[in-house]
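# Descriptive structure summary
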Amino acid sequence: MDDLSARTPGVALTERQRIAWLRLIRSDNVGPATFRELIHQFGSAEAALDMLPELSRRGGAARSIRIAGKADAERELEIAERHGAAFVGIGEPDYPPLLRQIDGAPPLLAVKGNRTVAAAPAVGIVGARNASISGMKFASLLAREIGRVGYSIVSGLARGIDTAAHRASLGTGTIAAMAGGLDNPYPPENIGLLGELTEGQGLAVSEMPFGWEPRARDFPRRNRLIAGMSLGLVVVEAAVRSGSLITARNAADFGRLVFAVPGSPLDPRCEGTNGLLKDGATMVTTPDDVLEGLRPLSEPDLFTPPPGAREPAEDIPPALRLPPSDGERQRIAEALSQVPSEIDEIIRHTGIAAASVYLVLLELDLAGRLQRHAGGGVSIAPD
């Protein structure tokens, strides 16, 4: 696994670019997909920031778009530095390589700890917060043995299975994906574990700002990070309606292997994992089951995907594009409904050039009038 643990290639952002990236992703109506499209359209975050007011106006925004200020971004970088953390861009060497490959990967990640852990191939281990003693023992066994071979162990710092997986892999490498800011770990009783992790062979990551207290809707985003960073995901115990099953669905959507540990049909904590097995997940009764399943995927070229967003060299202006006509905007808007459509379908239906379609969708997005869906579909936002 030594070759796989080498740092991945990438293009380092300048400090000026990092500030512009942070401002852009913290501005209103700019999510990861919109961020990438803005960089693609205008070449740099600075150029995109200059265009935001005009784009949102052309998209029909009811009010001026809020753009994160330079002072706010500089303050957030200073806070990160005071906490011993940093922001890593999606095209930089320290960004988790597999996470780059997923739709909606965060353009910037706040990271704290040993960044080399992110370069190793990773296995996610998740499960019930109210885990059984036997479930936690088995999660520890899996994390310890899989970690010894050279994999990093990814989990969500939650109670139960997550805690057991992190503790068992503190010495070999573990990554904690967090739902809130890096300074707001949840649950509070794992503050000590987070400290052990970041001061040793571990890494904490979050896409949320410092000071952000996690809310219920933030945990599914955290689950996407766990699935996105992992070659495979092991679910040890999970109820039918649980965050662990959301993580498993994410992993399957990303083309990652899903493993599940069987359990008693009488235990509600095993109902979800037994359901995964019925749906085709790989059964796990020993660490070797996971290692054998992952062996065909553990090739070096899997860990050097192209970066998901790049900035050109500074002082090179982006290519100029003529804005679409009002008639083209109207045709594109009329083609949309509250039912998601693929962008290729919109291009074929309207007969308008792809570049113009993408730009109009970007305008609608920044005006808050567009919804983006998993898989790349878009729909008009409900009034």
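What counts and how
Residues numbered from 1 in each chain as written. Predicted model: local features only at pLDDT ≥ 70, side-chain atom pairs only at ≥ 80, totals over all residues. Heavy atoms only, no water. Helix = DSSP H or I, 4+ residues; strand = E, 2+ residues; numbered from the N terminus. Rg over C-alpha atoms; globule rule 2.2 N^0.38 Å. Buried < 20%, exposed > 50% of the residue type's maximum accessible area, 1.4 Å probe, protein only. Contact = heavy atoms within 4.5 Å. Areas by Shrake-Rupley, 256 points an atom, 1.4 Å probe, with all protein chains shown as cover. Lys, Arg positive; Asp, Glu negative; His and termini not counted. Charge placed at Lys NZ, Arg CZ, Asp CG, Glu CD. Phe/Tyr/Trp six-rings, centres within 6.5 Å; stacked < 30°, edge-to-face > 60°. Lys NZ or Arg CZ within 6 Å of the ring centre and 35° of its normal. Salt bridge = Lys/Arg side-chain N within 4 Å of Asp/Glu carboxyl O. Axes fitted to C-alpha atoms, helices over the stretch in contact; angles between N-to-C directions. Parallel < 35°, antiparallel > 145°, perpendicular 65-115°, else oblique. Left-handed = near helix turned anticlockwise from the far one by under 90°. Nonpolar A, V, L, I, M, F, W, Y, C, P; charged D, E, K, R; others polar. Pairing = 2+ DSSP bridges. pLDDT = per-residue confidence, 0-100. Patch = residues over 30% accessible without salt bridge, like charges linked within 9 Å, V, L, I, M, F, W, Y side chains within 5 Å. Arc of directions from axis to C-beta. Core = buried A, V, L, I, M, F, W, Y, C linked by side-chain atoms within 4.5 Å.

The subject of this paragraph is the overall build of the protein. What the protein contains, in helices and strands, is 14 helices and eleven strands. The C-alpha atoms of the protein give a radius of gyration of 22 Å, which matches the 21 Å a tight globule of 383 residues would have. For the protein, with 383 residues in total, the buried portion stands at 54%. Restricting the contact set of the protein to residue pairs at least 6 apart, pairs at least 24 apart contribute 73%. Accessible surface for the protein amounts to roughly 17,100 Å². Of this, 51% is attributable to carbon and sulfur atoms. The averaged location of the 47 negative side-chain charges in the protein is 3 Å from the averaged location of its 40 positive side-chain charges.

This brings us to helix 2 (residues 32-42). With eight of its eleven residues buried, helix 2 lies for the most part within the structure. Every buried residue belonging to helix 2 is among Pro 32, Thr 34, Phe 35, Glu 37, Leu 38, Ile 39, Gln 41 and Phe 42, and all of these are buried. Packed against the buried residues of helix 2 are helix 1 (15-25), helix 3 (45-58), helix 14 (354-366) and strand 10 (370-372). In the stretch just after helix 2, Gly 43 is the one whose phi turns positive, near 90 degrees.

By the definition in use, this model includes three aromatic pairs. Each ring, one from Trp 21 and one from Phe 35, has its centre 5.0 Å from the other, and the planes form 70 degrees; the classification is edge-to-face. Of this pair, Trp 21 sits in helix 1 while Phe 35 sits in helix 2, and the two are 14 residues apart along the sequence. The interplanar angle of 75 degrees and the centroid separation of 6.2 Å between the aromatic rings of Phe 87 and Phe 210 together place this pair among those described as edge-to-face. Here Phe 210 lies in the loop between strand 6 (202-206) and helix 8 (218-229) and Phe 87 lies in strand 1 (residues 85-89), a separation of 123 residues in the sequence. By the burial criterion, Phe 87 is buried, and Phe 210 matches it. Taking NZ or CZ as reference, Arg 129 lies 5.8 Å from the ring centre of Phe 219, over its face.

All right, on to the pattern of salt bridges then. Summed over all chains, the structure comprises 19 salt bridges. Linking Glu 363 and Arg 329 is a salt bridge whose minimum nitrogen-to-oxygen distance equals 2.8 Å. Residue Glu 363 is found in helix 14, and its partner Arg 329 is found in helix 12 (residues 326-335); the two are separated by 34 residues along the sequence. Of the residues examined, Arg 329 reaches a relative accessible area of 14% and is grouped as buried. Members of the salt-bridge network, linked through shared partners, are Glu 54, Arg 57, Arg 58, Asp 326, Arg 329 and Glu 363.

Here the focus is the packing of helix 5 (residues 133-149) against helix 11 (residues 287-294). Packing of helix 5 against helix 11 leaves a shortest axis separation of 9 Å and a crossing angle of 40 degrees. Compared by their axis directions, helix 5 and helix 11 come out oblique. Here the hand of the crossing between helix 5 and helix 11 comes out right-handed. Seen from helix 5, the contacting residues are Leu 141, Leu 142, Glu 145, Ile 146 and Val 149; seen from helix 11, they are Pro 287, Val 290 and Leu 291. Of the residues assigned to the contact of helix 5 with helix 11, the class counts are seven nonpolar, no polar and one charged.

This next bit is on the sheet that holds strand 1. Spatially, 1-2-6-5-4-3-7-8-9 is the arrangement adopted by the nine strands of the open sheet, whose pairing is mixed. Taken across any chain shown, the strands that pair with only one partner, and hence form the sheet edges, are strand 1 and strand 9 (282-283). Each of strand 7 (232-235), strand 8 (257-260) and strand 9 is contacted by helix 10 (residues 271-278), which is oriented at about 130 degrees to strand 8, the strand it contacts most.

Here the focus is the confidence of the model for the protein. Averaged over the protein, the pLDDT score is 90; the fraction of residues at 70 or greater is 91%. Counted against residues more than four places away or in other chains, residues 315-320, with its pLDDT under 50, gives three contacts.

Moving on: a negative patch on the surface. Taken together, the side chains of Glu 15, Glu 74, Glu 78 and Glu 81 present a region of like negative charge at the surface. If one sorts the elements of the negative patch by residue count, helix 4 (residues 70-82) sits on top with three residues. Assignment of secondary structure puts Glu 81 in helix 4. Residue Glu 81 is classed as exposed on the basis of its relative accessible area, which comes to 62%.

Before going further, it helps to examine the pairing of strand 1. Taking burial as the measure, the five residues of strand 1 include five buried ones, the bulk of the element. The alternating pattern of strand 1 places Ala 85, Phe 87 and Gly 89 on one face and Ala 86 and Val 88 on the opposite face, and all of these are buried.

With that out of the way, let us pick up helix 13 (residues 343-350). When helix 13 is considered as a whole, its buried residues turn out to be Ile 343, Ile 346, Ile 347 and Thr 350. Angular distribution of buried residues about the axis of helix 13 spans 100 degrees; they occupy a single face of the element. Relative to its buried face, helix 13 has exposed residues pointing more than 90 degrees away, namely Arg 348 and His 349. If you follow the buried residues of helix 13, they end up packed against helix 12, helix 14 and strand 11 (378-380).

Leu 24 and Leu 38 are the most contacted members of the largest nonpolar core, which has 72 residues in total. Counting residues in each nonpolar core, the second largest holds 24 residues, with Val 123, Ile 125, Ile 146 and Val 236 among its members.

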